[in-house]
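Coordinate analysis (summary)
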Amino acid sequence: MKVAVFSTRPYDRTSLDAANTAGELEFLYLEPRLLPETAHMAAGCTIVSAFVNDHLNRNVLTTLAAGGTRLIALRSAGFNNVDLEAAAELGLRVVRVPAYSPNSIAEHAVGLMLVLNRKFHRAYNRVREGNFALDGLLGFDLTGKTVGVIGTGKIGTVVARILHGFGCTVLGYDPYPNDQAIAAGLEYRELDDVMAVSDIVTLHLPLTPETQHMINAESIAGMKPGVMLINTSRGGLLHTADVIEGLKAGQIGYLGLDVYEEEDDIFFQDLSSNILQDDVFARLLTFPNVVITGHQAFFTQEAVGAIATTTVDNIRAFIHDEPLVNAVQ
Ligand code: NAD
């Protein structure tokens, strides 16, 4: 069965080939992103596999369905980039990888906290230039600080467990509280309370119409002055222009991002010889207290392997008419 794999990077090829143990799937590896201009490349492929910055809007889905596609196998947990209503109307099933390694993202989020706090990004460059002065590198003990975890699902729960181990007070908000998060040492509060008292706020909730731009001028004003804000979820959770104002005013003291609202045209490629066209992103790069990684939180051996295995399992279940346990409704 032919599977068109969009946004292919070398590691996708290696991991999907390794997971295709039965040799049942014939992968057509395509480097371009799935967009209205590229959707035709999947013609004749019953299955299309897509990643986080592929655009599965009505236009694209219509082209795919017309070309014979019947299953969209996302290689991601998030599915905010899929028009599910259009997919249902066109008879396209959508599957995803709900959990590949929550640890990979949680550990990256905590990594961003440590880098920002202890200023590893600045210390690394200084030491290489023979500058061993400590001015400007003063950090704080994480022990005893309050961390607010917004979204306490699989990743948020691991973050809570790690930070509880650091000796932090871990507060959380989620419309659906879970017992594992409580067992990990997290205490639930209302969203405004969590925002108001946390030294660090870390986001682990999906991007939906309700959560889009939840971090904006108003919510930033309700946070503790000098707060550290971490976003490894989806860029659209932040109103980036408001965040920049918060940074300029010092209301946000540290910002750690693995995602960016307009990342589609930037991340997952080498643009080091190009002129950066995104002025908002360029402004973010000027702050010494901002650290950005290019959507790499998922990028561990364990997570990449699990994404490939679950994707192949999802596709095989579809081919063999078995229940789609990872279907997105
Ligand atoms: P999950 O579904 O296990 O948990 C998400 C939690 O968010 C749920 O408990 C849900 O109830 C909660 N939630 C929903 N709406 C909320 C709201 N308005 N306020 C507070 N909480 C709300 O998902 P997960 O596996 O923990 O993943 C979390 C997010 O991380 C994903 O949605 C995805 O966007 C992101 N992610 C990023 C990467 C990366 O590489 N940077 C990788 C995987 C996932």
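Residues numbered from 1 in each chain as written. Predicted model: local features only at pLDDT ≥ 70, side-chain atom pairs only at ≥ 80, totals over all residues. Heavy atoms only, no water.

1. Some points on the overall build of the chain
Scanning the chain from terminus to terminus reveals twelve helices and twelve strands. In terms of overall size, the chain behaves like a compact globule, its C-alpha atoms giving a radius of gyration of 21 Å where 329 residues would be expected to give roughly 20 Å. With the C-alpha coordinates aligned to their principal axes, the bounding extent of the chain is approximately 60 × 50 × 35 Å. Each of the 329 residues in the chain was classed as buried or not, and the buried ones make up 49%. A sequence separation of at least 24 residues applies to 66% of the contacts in the chain between residues at least 6 apart. Taking the average place of the 23 positive charges on the side chains of the chain and the average place of its 38 negative ones, the gap between the two points comes to 5 Å. (Helix = DSSP H or I, 4+ residues; strand = E, 2+ residues; numbered from the N terminus. Rg over C-alpha atoms; globule rule 2.2 N^0.38 Å. Buried < 20%, exposed > 50% of the residue type's maximum accessible area, 1.4 Å probe, protein only. Contact = heavy atoms within 4.5 Å. Lys, Arg positive; Asp, Glu negative; His and termini not counted. Charge placed at Lys NZ, Arg CZ, Asp CG, Glu CD.)

2. Brief notes about the domain arrangement of the chain
Often the size quoted for an interface is simply the accessible area lost on bringing the parts together. Taken domain by domain, the chain holds domain 1 (2-100 + 301-319) and domain 2 (102-292). Computed from C-alpha atoms alone, the centre-to-centre distance between domain 1 and domain 2 is 30 Å. The interface is formed by 13 residues belonging to domain 1 together with ten residues belonging to domain 2. Of the roughly 980 Å² buried at the junction of domain 1 and domain 2 (both faces included), carbon and sulfur atoms supply 48%. Linking domain 1 with domain 2 are two salt bridges, by the criterion used here. In this structure, the salt-bridge partner of Arg-33 is Asp-265, at a minimum N-O distance of 3.2 Å. The interface formed by domain 1 and domain 2 contains six residue pairs in polar contact (both at pLDDT 80 or more). (Domains from an automatic or database assignment. Buried area = accessible area lost by both parts, 1.4 Å probe. Salt bridge = Lys/Arg side-chain N within 4 Å of Asp/Glu carboxyl O. Polar contact = N/O pair within 3.5 Å; in protein donor to acceptor, adjacent residues only side chain to side chain.)

3. What to know about the packing of helix 1 (residues 10-19) against helix 12 (residues 301-319)
In contact at an axis separation of 8 Å, helix 1 and helix 12 are set at 50° when each is read in the N-to-C sense. As summarised for this structure, helix 1 and helix 12 are arranged oblique, according to the angle between their axes. By crossing handedness, the relation of helix 1 to helix 12 is classed as right-handed. Facing Tyr-11, Ser-15, Leu-16 and Ala-19 of helix 1, the residues of helix 12 in contact are Val-304, Ala-308, Thr-309, Thr-311 and Val-312. (Axes fitted to C-alpha atoms, helices over the stretch in contact; angles between N-to-C directions. Parallel < 35°, antiparallel > 145°, perpendicular 65-115°, else oblique. Left-handed = near helix turned anticlockwise from the far one by under 90°.)

4. What to know about the nonpolar core
Grouped together as the largest cluster of nonpolar side chains are 28 residues, with contacts concentrated most on Ile-215, Leu-238 and Leu-255. Elements that contribute at least two residues to this core include exactly helix 8 (191-197), strand 9 (200-203), strand 10 (227-231), helix 10 (240-249), strand 11 (252-257) and helix 11 (279-284). For Leu-238, the residues in contact, after removing those within four places along its chain, are Leu-203, His-213, Ile-215, Leu-229, Asn-231, Val-243, Leu-255, Leu-257 and Glu-261. By size, the runner-up hydrophobic cluster in this structure holds 24 residues, among which are Val-110, Leu-112, Val-159 and Ala-184. (Core = buried A, V, L, I, M, F, W, Y, C linked by side-chain atoms within 4.5 Å.)

5. Remarks on the sheet that holds strand 7 (residues 169-173)
With parallel pairing, seven strands are arranged side by side in an open sheet as 8-7-6-9-10-11-12. Here the strands that pair on one side only, and so sit at the sheet edges, are strand 8 (186-188) and strand 12 (290-292). Each strand of the sheet is rotated relative to its neighbour by a mean of 20°, with strand direction disregarded. Here four bridges tie strand 6 (residues 146-150) to strand 9, and the two strands are oriented parallel to one another. By the bridge assignment, Val-147 is partnered in strand 9 with Ile-200. (Pairing = 2+ DSSP bridges.)

6. With respect to the environment of Val-5
Positionally, Val-5 belongs in strand 1 (residues 2-5). For Val-5, a relative accessible area of 0% corresponds to the buried category. In this structure the C-alpha to C-alpha distance between Val-5 and Val-304, which are 299 residues apart in sequence, comes to 15 Å. Setting aside anything within four residues of it in sequence, one finds Val-5 in contact with Leu-16, Phe-27, Leu-28, Tyr-29, Leu-30, Ser-49 and Arg-75.

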